[in-house]
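# Observations on the model geometry
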Amino acid sequence: MDCEFTGLASDRTIFPFDTPEEVYLKMVENSPQYIIVQFGLCAFRVEPPGEEEEDAQPRVSYKCYNFYCYPKGRTNVFSCQGESMRFLADNGFDFNRLFREGLSYANEAEEQRYRADLKDRQATRAANILAAAESELTEEDPKAGETNDVNKIPVPAEHQQQVDDTAASIEEFLQSDRQELIVGNCNAFQRKLIYQMIEQRYQRKISTSTVSIENNQKAIKVERKRSTEEEQAMDEQRRTRENEDLETNVGLSLVLQELAKTRKLIIGHNMLLDLFYVLRQFFRPLPADYQEFKKLTKEYFPLLLDTKYLCTNAEIKVNVNSSVLAHVYEAVSKEPFAIPTVHPELPDYQYSVDNEKKHEAGYDAYLTGLCFLGLVSRFNANLLQLPKNPTLRHYLNRIFITRLTDVNYIYLNGKEPTQTREHIFYVTFPEIWRTSDIQSKFKPFGPVHVSWLDNTSAFVALHNRIAASSVLKTIGYHTGFKVYNFAQFTEMKLQRPSTKRGRNGSGSVSAGDDAGIRCTEPVGKRPSGEEKGEKEGQKIEHPQKTASAKRKGTEEKSPPMAEKDAGNDEHENDDDGGGWRTVKKARKTFADNNDW
């Protein structure tokens, strides 16, 4: 499966050494109501070869679906991200088709409410029909103007003429031989007044129903009084239409519900965001508790495989240099991989790699399936028993997380491994510094790996972990340069509860500030310009830009943080790089698709 969204949940608050739980919580907190506007599903069927076909390979066929989905109704509100919408437009996304033909959807709570409301309305109508039939046998026709309704609505003076004119039209209709009368040109309140008048004066003489006329306007259809049997027959037809409309309103969610019921292996590429949005949009709100999220995910999708995480396999990495989807396909199309021939079962809706439709969800789902078939050929996996393959079992239910340095996946079946952070240091420094300047300060402790956060801060990881205990004691004092161990950095994050996560423009790396991760690369390199996007241009990283094009925020001025290093002057001016400073950067404009 693959999805296209109206925006991407910000990953600018994610640091290289966050835990998977921290990443999830940040995503929940910093994810506006972006939605899936296109859901791609490619169903692959594997059939064993016939008995007469010795040494033959299983036959693989597929059906591809590309669903546009759009929330209809006045109460449905969603967010859009400028760059994401432009990205879709640049890749040929059909917005007219989305808005005109997009399927509706509903999560579980909304669907239950729709069904309960419809059931109540239908039960009330049926009871009214029976009550009217009984009253005909026991009561006389009420006189005009009489009513027992204590909730009668007073007719405003400005509407009295319209009500009287409608009554006159009904009288004329009853004297004629016409089959029906249409009462239009009225709003919902006026229709309510007319229904009230009809109930008072004509309930034994006429039957009414609501119809749609031109421009989808509502009107009242008046007919001569029907028998109880006729009323019940018409109500049954109305029930059928209402039930069909309900299924249409639930829409694409019905497809996802059926997909969840199959308990099949679901494959995606870099699928954390897809999974995140699918659960929230079609099933339930995402829980604030990380373990509950895992439980919820497995409840609907017990078997998941992320091909991006599969690409971290040591055997595969030898031949797959890039885990971008198109690059993976290019790699697995050659030896030592082999993609079996796949046969389209719906010729009118087939895809072909010779006719690329990148960033159309159905095509990307198809390409993901081909990549998976190519990757598993490296392990000689039996396509009929994929979940039982001993190699693949180590990659099932592990969802890849972009940006993380060590434990870079969410493990749905249990706890992720814990990593020591004693060899990692958070450093602040003057804006003019380069990677080599940081390297020189840590030269006595051996080789290091620098993960830039912004222009004045970074993480430094020692390759020689034994030397970590002596860093704070021996690194010495340098103007504008401060060093914190990872425990101190964590404590500083916890001391700043008032700062909201996901805000743009701050150079702080506290739990609340968006540090705008600059890059993560080996020592000796200055952080490069534009990094290539993950997921073919949507998972982008822009090293020197905190005002990210992926979302728009406000800038927060953070108060200075107390110095933790006992070796430094605690009254030192925070402007030297040791405090938390606001770093303002110009918004980045992308020249073309490749730049994006």
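Residues numbered from 1 in each chain as written. Predicted model: local features only at pLDDT ≥ 70, side-chain atom pairs only at ≥ 80, totals over all residues. Heavy atoms only, no water.

Identification of the protein as Poly(A)-specific ribonuclease RNA-binding domain-containing protein from Anopheles christyi is taken from an unreviewed UniProt entry.

Counting its secondary structure elements, the protein contains 17 helices and 18 strands. Considering the protein as a whole, with its 596 residues, one finds that 48% of them fall into the buried category. Expressed as a percentage of contacts within the protein between residues at least 6 apart in sequence, the contacts between residues at least 24 apart total 73%. Element-wise, carbon and sulfur atoms account for 47% of the exposed surface of the protein, whose accessible area totals about 30,300 Å². (Helix = DSSP H or I, 4+ residues; strand = E, 2+ residues; numbered from the N terminus. Buried < 20%, exposed > 50% of the residue type's maximum accessible area, 1.4 Å probe, protein only. Contact = heavy atoms within 4.5 Å. Areas by Shrake-Rupley, 256 points an atom, 1.4 Å probe, with all protein chains shown as cover.)

Moving on to the layout of surface pockets. When its volume is computed, the second largest pocket comes out at roughly 1,000 Å³. Together, 31 residues line the second largest pocket, and Ala 43, Phe 44, Arg 45, Lys 264 and Leu 265 are the ones closest to its centre. Secondary-structure elements contributing two or more residues to the lining of the second largest pocket are β2 (36–47), β3 (59–68), α8 (252–262), β7 (266–268) and α14 (361–376). The biggest single contributor to the lining of the second largest pocket is β2, with six residues. Residue composition of the lining of the second largest pocket, by class: 22 nonpolar, four polar and five charged. (1 Å grid on protein atoms, 1.4 Å probe; cavity = no way out; pocket = protein on both sides within 12 Å on 5 of 7 lines; lining within 4 Å. Points joined across faces, edges and corners; volume = space filled by probe spheres on them. Nonpolar A, V, L, I, M, F, W, Y, C, P; charged D, E, K, R; others polar.)

Tallied over the entire structure, the rule returns 37 aromatic pairs. For the pair Tyr 24 and Tyr 290, a centre-to-centre distance of 5.8 Å together with 45° between the ring planes defines the contact as tilted. One end of the pair, Tyr 24, is in helix α1 (residues 20–29); the other, Tyr 290, is in helix α10 (residues 290–300), with 266 residues separating them in the sequence. Overall, Tyr 24 belongs to the buried group, its relative accessible area being 1%. Note on Tyr 309 and Tyr 409: the rings are 4.9 Å apart at their centroids and 50° apart in plane angle, and the pair reads as tilted. Taken together, the residues span a long stretch of sequence, with Tyr 309 in helix α11 (residues 307–310) and Tyr 409 in strand β11 (residues 409–411) at a distance of 100 residues. By relative accessible area, which is 11% here, Tyr 309 ends up buried. (Phe/Tyr/Trp six-rings, centres within 6.5 Å; stacked < 30°, edge-to-face > 60°.)

The next point concerns the nonpolar core. Core analysis: the biggest nonpolar cluster contains 50 residues, and Ile 36, Phe 39, Leu 256, Val 278, Phe 282, Phe 283 and Phe 301 have the highest contact counts within it. Of all the secondary structure elements, the ones that give two or more residues to this core are β1 (2–5), α1, β2, β3, α3 (95–101), α8, α9 (272–282) and α10. It is α9 that contributes the most residues to this core, eight residues altogether. When sequence neighbours within four positions are dropped, the list of residues in contact with Phe 39 reads Met 1, Asp 2, Cys 3, Tyr 65, Asn 66, Phe 67, Leu 252, Leu 256, Leu 259, Val 278 and Ala 361. Judged by nonpolar contacts, the second largest core, of 39 residues, contains Val 60, Tyr 62, Cys 311 and Phe 372. (Core = buried A, V, L, I, M, F, W, Y, C linked by side-chain atoms within 4.5 Å.)

So, about the pattern of salt bridges. The tally for this structure, following the rule as stated, stands at 21 salt bridges. Arg 284 is paired through a salt bridge with Glu 108; the nearest N and O atoms lie 3.1 Å apart. With Arg 284 in the loop between α9 and α10 and Glu 108 in helix α4 (residues 108–138), this residue pair connects regions lying 176 residues apart in the sequence. Taking the shortest distance from any N to any O, the salt bridge between Arg 115 and Glu 247 comes out at 3.0 Å. Of this pair, Arg 115 sits in helix α4 while Glu 247 sits in helix α7 (residues 228–250), and the two are 132 residues apart along the sequence. Residue classification places Arg 115 among the partly exposed residues on the basis of a relative accessible area of 32%. (Salt bridge = Lys/Arg side-chain N within 4 Å of Asp/Glu carboxyl O.)

Turning our eyes to something else, we now look at the side chain of Asn 389. Tracing the backbone through its elements, the reader meets Asn 389 in the loop between α14 and β10 (398–400). Among the polar contacts made by the side chain of Asn 389, one reaches the main-chain amide nitrogen of Thr 391 at a distance of 3.0 Å. Sequence-distant contacts of Asn 389, that is, excluding residues within four places in its chain, are made with Phe 379 and Ala 381. (Polar contact = N/O pair within 3.5 Å; in protein donor to acceptor, adjacent residues only side chain to side chain.)

Attention shifts here to the environment of Arg 125. Positionally, Arg 125 belongs in helix α4. Spatially, the C-alpha atom of Arg 125 lies 7.9 Å from that of Asp 235, the residues being 110 residues apart in sequence. Ignoring any residue separated from it by four or fewer positions in sequence, one finds Arg 125 in contact with Asp 235, Arg 238, Arg 239 and Glu 242. Looking at Arg 125, its side chain comes within polar contact range of the side chain of Glu 242, at 3.0 Å.

Two numbers describe how helix α13 (residues 325–332) lies on α14: the axes approach to 9 Å, and their chain directions differ by 40°. Between α13 and α14, the interaxial angle falls into the category oblique. Regarding α13 and α14, the two cross each other, and that crossing is left-handed. In this structure, α13 contributes Leu 325, Val 328, Tyr 329 and Val 332 to the contact, and α14 contributes Asp 364, Leu 367, Thr 368, Leu 370, Cys 371, Gly 374 and Leu 375. Taken together, the residues of the contact of α13 with α14 sort by class into eight nonpolar, two polar and one charged. (Axes fitted to C-alpha atoms, helices over the stretch in contact; angles between N-to-C directions. Parallel < 35°, antiparallel > 145°, perpendicular 65-115°, else oblique. Left-handed = near helix turned anticlockwise from the far one by under 90°.)

Another aspect to go through is the pairing of β3. Where a strand is regular, its side chains alternate between the two sheet faces. One ladder, built from 10 bridges, connects β2 with β3; its direction is antiparallel. When the sheet's bridge partners are listed, Gly 40 is paired in β3 with Asn 66. Bridge count between β3 and strand β9 (residues 342–344): three bridges; the pairing is parallel. Bridging across to β9, Tyr 62 finds its partner in Pro 344. (Pairing = 2+ DSSP bridges.)

In this section: helix α6 (residues 188–201). Relative to the 20 Å expected for 14 residues at 1.5 Å per residue, α6 spans 20 Å between its end C-alpha atoms, a close match to the ideal helical length. When we look at burial in α6, the residues that qualify are Gln 190, Arg 191, Leu 193, Ile 194, Gln 196, Met 197, Ile 198 and Gln 200. For α6, the elements touching its buried residues are α5 (157–175), β4 (180–183), β5 (206–212) and β6 (218–224). A distance of 3.1 Å separates the backbone nitrogen of Phe 189 from a side-chain oxygen at the start of α6, and that oxygen is part of Asn 187. (Expected span 1.5 Å × (residues − 1).)

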